[in-house]
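# Coordinate analysis (summary)
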Amino acid sequence: MKPLIGVTPDVKPTEYIGVRDQYMHSITLAGGIPVMLPISAPEEDLEEIVSRLDGLLLTGGADIDPALYGAEKSPACGEPRPERDRMEMAILRAAVKVKLPTLGICRGCQVLNVFYGGDLVQDIESELGVPNTVHHQEADYRVVTHDIVVEPGSLLAEIGGTDDIHVNSKHHQCVKTLGKGLRLGGRSKNDGIIESFDDPAHPFMLAVQWHPEMLSAERPEALALFKALVEAAKRCGA
């Protein structure tokens, strides 16, 4: 049977939830079955959902509430979605407990770092002096605009090799300090911003700051991330 991959949705101001279809399509291309998860479910229901999943994908979206990593909200920080923050932290508690294979993308990367006790840069331009257009590209999502230097020995290197990789970028926040036990996977070549990490103590826990779902239909190195998640999910469900 194909592994079942839970996908976290974003919350819209109109009180709708939804997920970009490219996330779902990427999982399908990789051989899995994507299922959008509920936002408002109580924690015990989320635990039961996790027990039925083979893998988890944390998607992009709104900025995380800085209170979750012990910081005051910067004027440059976007408006948090507390219901989504609550849901993703709860589902991660359940997922980590059972070692569920997990991939975090963009916001999902930041959520994972905060979950592990790390913190974030709330705005790259105002805090690091790097123009936001460098990491929040004006070009279409399907265009790669900068390079990532991959760390040898990381999960990212295991999946795609140790050569530099070309990625897209749509974020104005980033990882500041890695959470406890996390291993660096890659940095932005020009400014050193953390772009990937993993948990070496977990069977498959990978975070990337870019958007491989927008590249997976045409770029094998992007699809490889989803294939790695699906293969880990198969092993989990075996």
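Quick summary incoming for the structure in this document. (Residues numbered from 1 in each chain as written. Predicted model: local features only at pLDDT ≥ 70, side-chain atom pairs only at ≥ 80, totals over all residues. Heavy atoms only, no water.)

## Observations regarding the overall build of the protein chain
Along its length, the protein chain carries 8 helices and 13 strands. In terms of overall dimensions, the protein chain has a C-alpha envelope of 45 × 40 × 35 Å along the principal axes. Split into buried and exposed, the 238 residues of the protein chain put 53% on the buried side. Partitioning the intrachain contacts of the protein chain with sequence separation of at least 6 by distance along the chain shows that 68% fall at a separation of at least 24. Only carbon and sulfur atoms are counted for the fraction: they give 52% of the accessible area of the protein chain, which is about 10,500 Å². Charged side chains in the protein chain number 23 positive and 35 negative. The centres of these two groups are separated by 4 Å. (Helix = DSSP H or I, 4+ residues; strand = E, 2+ residues; numbered from the N terminus. Buried < 20%, exposed > 50% of the residue type's maximum accessible area, 1.4 Å probe, protein only. Contact = heavy atoms within 4.5 Å. Areas by Shrake-Rupley, 256 points an atom, 1.4 Å probe, with all protein chains shown as cover. Lys, Arg positive; Asp, Glu negative; His and termini not counted. Charge placed at Lys NZ, Arg CZ, Asp CG, Glu CD.)

## Description of the side chain of Asp63
Within the element layout of this structure, Asp63 appears in the loop between strand S5 (55–58) and helix H3 (82–97). Although Asp63 is buried, it forms no salt bridge, and the closest oppositely charged side chain is Arg107 at an N-O distance of 6.9 Å. Side-chain polar atoms of Asp63 contact the side chain of His172, separated by 2.8 Å. Filtering out sequence-adjacent residues up to four positions away, Asp63 remains in contact with Cys77, Gly78, Glu79, Pro80, Arg81, Arg107, His172 and Gln173. (Salt bridge = Lys/Arg side-chain N within 4 Å of Asp/Glu carboxyl O. Polar contact = N/O pair within 3.5 Å; in protein donor to acceptor, adjacent residues only side chain to side chain.)

## Let's talk about the pattern of salt bridges
Tallied over the entire structure, the rule returns 13 salt bridges. Linking Lys12 and Asp10 is a salt bridge whose minimum nitrogen-to-oxygen distance equals 3.9 Å. We classify Lys12 as partly exposed; its relative accessible area is 38%.

## Description of the nonpolar core
Within the largest apolar cluster, 32 residues are counted, with the highest numbers of intra-cluster contacts made by Leu56, Ile91, Leu112 and Phe197. No other element matches H3, which puts 7 residues into this core. Contacts of Phe197, omitting those with residues within four sequence positions, involve Cys109, Leu112, Asn113, Val175, Leu178, Leu182, Arg183, Leu184, Gly185, Met205, Leu206 and Ala207. (Core = buried A, V, L, I, M, F, W, Y, C linked by side-chain atoms within 4.5 Å.)

## Quick look at the environment of Glu151
Relative to the elements of secondary structure, Glu151 occurs in the loop between strand S8 (146–150) and helix H7 (155–160). Residue classification places Glu151 among the partly exposed residues on the basis of a relative accessible area of 30%. The residues contacting Glu151, other than those within four sequence positions of it, are Ala157, Leu184, Gly185 and Gly186.

## Concerning the sheet that holds strand S11 (residues 183–188)
What the 9 strands build is an open sheet, ordered S4-S1-S5-S6-S13-S12-S11-S8-S9; its pairing is mixed. Strands at the two margins of the open sheet, each flanked by one partner only, are strand S4 (33–36) and strand S9 (165–167). Neighbour-to-neighbour, the strand axes of this sheet turn through a mean angle of 20 degrees, independent of strand direction. Pairing geometry for strand S1 (residues 4–7) and S4, over 4 bridges, is parallel. The partner of Ile5 across the bridge, within S4, is Pro34. Running over the sheet, helix H1 (residues 21–29) touches S1, S4, S5 and strand S6 (102–105) and is turned about 155 degrees from S4. Most of the contacts of helix H4 (residues 107–115) go to S6, to which it runs at about 115 degrees, and overall it touches S5, S6, strand S12 (194–198) and strand S13 (205–208). (Pairing = 2+ DSSP bridges. Axes fitted to C-alpha atoms, helices over the stretch in contact; angles between N-to-C directions.)

## Examining the packing of aromatic side chains
Applying the stated rule across the entire model yields 1 aromatic pair. Arranged with centres 5.8 Å apart and planes meeting at 75 degrees, the rings of Phe115 and Tyr116 form a pair that is edge-to-face. When the ring centre of Tyr141 is taken as reference, the NZ or CZ atom of Arg20 above it lies at 4.8 Å. (Phe/Tyr/Trp six-rings, centres within 6.5 Å; stacked < 30°, edge-to-face > 60°. Lys NZ or Arg CZ within 6 Å of the ring centre and 35° of its normal.)

## Description of the packing of helix H2 (residues 43–52) against H3
Interhelical geometry of H2 versus H3 gives an angle of 45 degrees and a closest axis separation of 9 Å. The angle between H2 and H3 falls in the class oblique. The handedness of the crossing between H2 and H3 comes out as right-handed. Counted together, Glu43, Leu46, Glu47 and Val50 of H2 and Arg86, Met87, Ala90, Ile91, Arg93, Ala94, Ala95 and Lys97 of H3 form the full contact between these two elements. Each residue belonging to the contact of H2 with H3 can be placed in one class, and the counts come to 7 nonpolar, no polar and 5 charged. (Parallel < 35°, antiparallel > 145°, perpendicular 65-115°, else oblique. Left-handed = near helix turned anticlockwise from the far one by under 90°. Nonpolar A, V, L, I, M, F, W, Y, C, P; charged D, E, K, R; others polar.)

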